[in-house]
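# Fold and contact review
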Amino acid sequence: MGVNEGDEGLRKRGCSCTKNDFLPEESFQSWGNYVRALKETPFRLKDRVLTRSMDSTEIHEIKARSEHEMKKNLTWWDLIWFGIGAVIGAGIFVLTGLEARDGAGPAVVLSYVVSGLSAMLSVFCYTEFAVEIPVAGGSFAYLRVELGDFVAFIAAGNILLEYVIGGAAVARSWTSYFATLCNHRPDEFRIVVHSMPDDYGHLDPIAVGVSAAICILAVLSTKGSSRFNYFASIIHVVVIVFIIIGGFANADTKNYKDFIPYGARGVFKASAVLFFAYVGFDAVSTMAEETKNPAKDIPIGLVGSMTITTLAYCLLAIALCLMQPYKNIDVDAPFSVAFEAVGWKWAKYVVAFGALKGMTTVLLVSAVGQARYLTAHSSNPHDAAMVSPATAIIAFFTKLDILSNLLSISTLFIFMLVAVALLVRRYYVSGVTTPGNRNKLIACILLILGSSIATATYWGLSEHGWIGYCITVPIWFLATLGLWHFVPQARAPKLWGVPLVPWLPSASIAINIFLLGSIDKKSFERFGIWTGFLLVYYFFLGLHASYDTAKASGENKIGQGWKQMEEGGISNSTTESGLGVNDTNNKNSANPST
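Residues numbered from 1 in each chain as written. Predicted model: local features only at pLDDT ≥ 70, side-chain atom pairs only at ≥ 80, totals over all residues. Heavy atoms only, no water.

## With respect to the pattern of salt bridges
Threshold: Should a side-chain nitrogen of Lys or Arg be within 4 Å of a carboxyl oxygen of Asp or Glu, the pair is scored as a salt bridge. Each residue is placed in one exposure class: buried if its accessible area under a 1.4 Å probe, protein chains only, is under 20% of its type's maximum, exposed if it is over 50%, and partly exposed if it falls in between.
Counting across every chain of the model gives twelve salt bridges. As a salt-bridge pair, Asp102 and Arg101 come within 3.1 Å of each other at their nearest N and O atoms. Under the relative-accessibility criterion, Asp102 is labelled partly exposed at 42%. Look at Arg101 and you get partly exposed, because its relative accessible area is 28%. Its salt-bridge partner being Lys348, residue Glu340 comes within 3.8 Å of it at the nearest N-O pair. You can call Lys348 buried: its relative accessible area is 7%. Ionic contacts of the salt-bridge type, sharing partners, join the residues Asp47, Arg48, Arg144 and Asp149 into one network.

## Some remarks on the side chain of Asn255
Threshold: Per the convention used, a helix needs a DSSP run of H or I reaching at least four residues, while a strand needs a run of E reaching at least two, with both numbered from the N terminus. What qualifies as a polar contact is a pair of N or O atoms within 3.5 Å, subject to a donor-acceptor requirement within protein and to the restriction that residues adjacent in sequence count only when both atoms come from side chains. Contacts are assigned to residue pairs with any non-hydrogen atoms lying within 4.5 Å of each other.
Within the fold, Asn255 resides in the loop between α11 (222-249) and α12 (263-274). Residue Asn255 is classed as buried on the basis of its relative accessible area of 12%. Engagement of the side chain of Asn255 in a polar contact is seen with the backbone oxygen of Leu322, the distance being 2.8 Å. In contact with Asn255, not counting residues within four places along its chain, are Pro106, Cys321, Leu322, Met323, Gln324 and Pro325.

## Comments concerning the side chain of Ser508
Its place among the elements puts Ser508 in helix α22 (residues 503-516). On the basis of relative accessible area, Ser508 is assigned to the buried category, the value being 0%.

## Some points on the layout of surface pockets
What counts, and what does not: Buried and open spaces are told apart on a 1 Å grid over the protein atoms alone, a cavity being a set of points where a 1.4 Å probe fits but cannot get out and a pocket being an open set with protein on both sides within 12 Å along at least five of seven lines. Residues with an atom within 4 Å of a point are the lining residues. Grid points are joined across faces, edges and corners, and a volume is the space filled by probe spheres set on the points. Gly is placed with the polar residues, together with every amino acid not listed as nonpolar (Ala, Val, Leu, Ile, Met, Phe, Trp, Tyr, Cys and Pro) or charged (Asp, Glu, Lys and Arg).
Here the second largest pocket defines a volume of roughly 980 Å³. Asp401, Ile402, Ser404, Asn405 and Asp520 are, among the 42 residues lining the second largest pocket, the residues nearest its centre. Counting residues per element, the ones that place at least two in the lining of the second largest pocket are α6 (90-104), α9 (149-181), α12, α19 (400-427), α20 (435-461), α22 and α23 (521-553). With eight residues, the top contributor of residues to the lining of the second largest pocket is α19. For the lining of the second largest pocket, the per-class residue count stands at 21 nonpolar, ten polar and eleven charged.

## Structural notes on the confidence of the model for the chain
Keep this limit in mind: Here pLDDT means the predictor's own confidence in every residue, given as a number from 0 to 100.
Taken over all residues, the pLDDT of the chain has a mean of 79, while the share at 70 or more is 80%. Predicted confidence in the chain is weakest over helix α25 (residues 572-576), with a mean pLDDT of 33, and strongest over helix α21 (residues 469-486), with 96. Long-range and interchain partners of residues 1-16, a stretch whose pLDDT sits below 50, account for 34 contacts in this model, where long-range means more than four residues apart. Residue range residues 381-385 is modelled with pLDDT below 50. Its contacts to residues more than four positions away, or to other chains, number 17 contacts.

## Examining the packing of aromatic side chains
Quick note on the threshold: Side-chain rings of Phe, Tyr and Trp, where Trp is taken by its six-membered ring, are said to pair if the distance between their centres is within 6.5 Å; with planes under 30 degrees apart they count as stacked, over 60 as edge-to-face, and otherwise as tilted. We call a charge positioned above a ring when the Lys NZ or Arg CZ atom is no farther than 6 Å from the ring centre and deviates by at most 35 degrees from the ring normal.
Enumeration over the complete set of coordinates arrives at 35 aromatic pairs. For the pair Phe178 and Phe189, a centre-to-centre distance of 5.8 Å together with 55° between the ring planes defines the contact as tilted. Placement of the pair is Phe178 in helix α9 and Phe189 in the loop between α9 and β1 (191-192), with a sequence separation of eleven residues. Owing to a relative accessible area of 27%, Phe178 belongs among the partly exposed residues under this scheme. For Phe189, a relative accessible area of 24% corresponds to the partly exposed category. Taken together through their ring pairs, the aromatic side chains of Tyr126, Phe129, Tyr142, Phe275 and Phe415 make up a single cluster. Directly above the aromatic system of Trp459 lies the positively charged group of Arg265, at a separation of 4.0 Å from the ring centroid.

## A word on unusual backbone geometry
That bond from Val501 to Pro502 is cis: its omega, 10°, falls within 30 degrees of zero. Relative to the elements of secondary structure, Pro502 occurs in the loop between α21 and α22. Notably, Asn183 is not glycine yet its phi reads approximately 65°, a positive angle. Relative to the elements of secondary structure, Asn183 occurs in the loop between α9 and β1. Residue classification places Asn183 among the partly exposed positions, given a relative accessible area of 47%. Located in the positive-phi region is Leu500, a residue other than glycine, with phi close to 55°. Along the polypeptide, Leu500 turns up in the loop between α21 and α22.

Here it is, written out as structure tokens:
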């Protein structure tokens, strides 16, 4: 499997409770070793920041360390249904009502278009990586290859947060619609503890039970999960079609008279919140390792499912706002209550049943994707899926609006990093890109990021200003134009590539950061606390574990500095075969496009 039993630095963490099972690396074998490691923190941090992995390392070495070979039994048809099942759930059935009533009014359909555009651009970026690097690590692996070990670690923490928070949010929504199906108020099945803060005092034992059941199903079988998801998604799609047809049949165009009551700012703020409704498609990319023909199946599966999802969301939002005046929409179970309001009381049970089906498939695909992602860092997907208790605990305490905003921040941040990584992948190849072109690439990316951040900041702080956009938007355009005109692409995709590079990934960066500027301050404070926790963990534990593992495996030469960033790491197989860092064959192996 590429890992020798005698390699102490590569010992996997097990399931027992001894120190070596949790901290097997050399730096943690004694207090003396740990103190020396802490003293070397600046040196080790520099090494990890400047360490890039290689495609071959992720595809062969890292997969070998997981000690589990995935079976290639999924097709594009499976991926489309996984994608639909992963995405269409709590967002559309719960948050639509909240944002239509208090955020955007009937123009909530435009909010779905904006967030859908952002998600589609990210889908394209993910697709190229998933085809070129078909591994269970997903965006963690992509970022490790192009942006280095440190950025990948920060992203990994947020990917884990995305899965946990997303699962918790959907599980709580599941309880709301289950209560509606049982003819109770959405919050009636929760235990309200008045001595606790309101945001955390609505305890949800049903969400815990649902999370546990989904975890068990995900552990049993990927193909079994696919089949369950397939049939559940069919029922789900039938219910969605029913809602759309029933909604238009009971439409009152007077409800669309005041189309944008909260203005353009309300539309974009709602877009940031409703981005939660598109979260989940990245879980499909983690299944690339189990796909029969990644070059064909992944593009069709990801782009196809996102197109269907976006169209369905827009039609559902239109149907809801045509049935009821936006001010009368219920925020907990909007579609069920809307049908009851127009005299179709029986239909609310159909809608509640369909919503439950949708949320169940979202939870299932999230659990499977989480398992595939954590397989890159664990011994097998069965162990990885057992991380789901964290989802259950958060679902037990935390209200949906807190979860949805935090999830949107985390996901938009990761999607932005993946778009940056795609630019680096296309324009920077060791041994091909000249130092001059490398510096131009860095300058253009920094200008794209800086102008996008400035635009989002100006949007967040200025209620009525427009002059700032006349400065920041042209800078973004000129930086992208400069990258397109002055920096030659150094790598052509081998199987499938994103069109319109650099414009498409640059637009993805800009719109993701812009949506971040529409999220409330408290959510950013929570995100900052989580990021601070990640950094503390990294400096005291993760950094030293990663350094020792790389040193023991021969994955890279320690201490090469910028030269190491130029050349990438050395795979374990290269070291064992006796090839040196400057060996021509090794360079060609690391950069197949050269």
